[in-house]
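Letter by letter, the chains look like this.
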Amino acid sequence: MLKIALDLDGVLADSISVWLAIWNALKGSSLKLEDVKSWDFWKELGITSGEFHRIFYKTWKNWQLIPPTEPDLVSKVSMLEELGKVDIVTSRPKNTREYVLKWLERHGLGKKNILFVKSNKSELDYDVYIDDSPVNAEEIASVGKYVALYDRPWNKCVKNTDRIKRVMNLEEAYSFIKTHVLKL
Ligand SMILES: [Mg+2]
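Moving on, we come to the pattern of salt bridges. One pass over the structure, following the stated rule, counts 11 salt bridges. Residue Asp162 pairs with Arg163 through a salt bridge whose shortest N-O separation is 3.8 Å. A residue is classified by how much of its surface remains accessible, and Asp162, at 46% relative accessible area, is partly exposed. Residue class for Arg163 comes out partly exposed when judged on its relative accessible area of 26%. Through salt bridges with shared partners, one network takes in Asp7, Lys121 and Asp131.

Here it is, written out as C-alpha cells:
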C-alpha cells in the first residue's frame, strides 16, 4: 500500500499568516504571505532562528486563529486515503504539539495518524510527500521518492521534475499521485 506523508504547516494549516500577523503587530509592518519569498525569510528580517521560533510558538498558542489552507480538509484528506495510507507528518518543536492536536480536532482531523518528527522527512518510510518546503522537496526527490509540492510563495524556485510536481491544492496532489505515482 502506498504511504503518503501529508505536511501540516503550509499544507493543511496556514500558520505563516498568523506568524506574519504577530510580526506585523510587533513591528508595525505590513508583511503579507506573498512577501515571503524564501524558506529562511526570517534571516532577511534580521532575526535569529530562536526569534523565529518564539513567534512560531505564539502562532500555535493562538491555534484558533490559524486558518486551514483550503476549505473542507476532511473530504480532501479522505480522497487522498483512497490512494494509500495517509499520515500527517510534521517537524516542529515539542512545545507546540498540544496546540496542533487541538487544531486538528477542530478541523475534523483529530482521528488521523499524526507523526511528530525531528529527523529529515526524506529518511522516513513514505513513498510520496505532500509538502511545501523547498528544502524537503529537493531532499525527498534526491532519494528517489515523489513530492507533490504545495504551491506557496516561498517554494516558487523549485522546478517540476520527474519526482517533483507543483500542485495548487490537495485535489491536484490527488491527481498527481493517482496518475503519476500509482499510474492508474
Ligand atoms: Mg510545511
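Text resumes after the structure shown.
Turning our eyes to something else, we now look at the pairing of strand E1 (residues 3-6). Sheet analysis places E1 next to strand E2 (residues 85-91), joined by four bridges and oriented parallel. Bridging from a neighbouring strand, Ala5 pairs with Asp87 of E2. As defined by bridge partners, E1 adjoins strand E4 (residues 128-131) across three bridges and the pair is classed as parallel. Note on E4: the bridge partner recorded for Ile4 is Val128.

With that out of the way, let us pick up the packing of aromatic side chains. Aromatic rings in a pair are described by how distant their centres are and how their planes are angled relative to each other. Evaluated as defined, the whole model comprises 10 aromatic pairs. Aromatic pair Trp19 and Trp23: ring centres 5.7 Å apart, planes at 15 degrees, arrangement stacked. Here Trp23 and Trp19 lie together in helix H1 (residues 15-27), a separation of four residues that amounts to about one turn. Across the pair, Trp23 and Trp19 agree in class, each one buried. Ring geometry for Tyr146 and Phe176: centres 6.3 Å apart, planes at 70 degrees, overall edge-to-face. Taken together, the residues span a long stretch of sequence, with Tyr146 in strand E5 (residues 146-150) and Phe176 in helix H7 (residues 170-181) at a distance of 30 residues. With a relative accessible area of 13%, Tyr146 lands in the buried category. Classification of Phe176 as buried rests on a relative accessible area of 6%. Three or more aromatic residues joined by ring pairs make a cluster, and in this case those are Trp19, Trp23, Phe41, Trp42, Phe52 and Phe56.

Moving on, we come to the environment of Ser142. Turning to its location among the elements, Ser142 is positioned in helix H6 (residues 134-142). Sequence separation between Ser142 and Arg163 is 21 residues, and the spatial gap between their C-alpha atoms is 8.7 Å.

What counts, and at which threshold
Residues numbered from 1 in each chain as written. Predicted model: local features only at pLDDT ≥ 70, side-chain atom pairs only at ≥ 80, totals over all residues. Heavy atoms only, no water. Salt bridge = Lys/Arg side-chain N within 4 Å of Asp/Glu carboxyl O. Buried < 20%, exposed > 50% of the residue type's maximum accessible area, 1.4 Å probe, protein only. Pairing = 2+ DSSP bridges. Helix = DSSP H or I, 4+ residues; strand = E, 2+ residues; numbered from the N terminus. Phe/Tyr/Trp six-rings, centres within 6.5 Å; stacked < 30°, edge-to-face > 60°.

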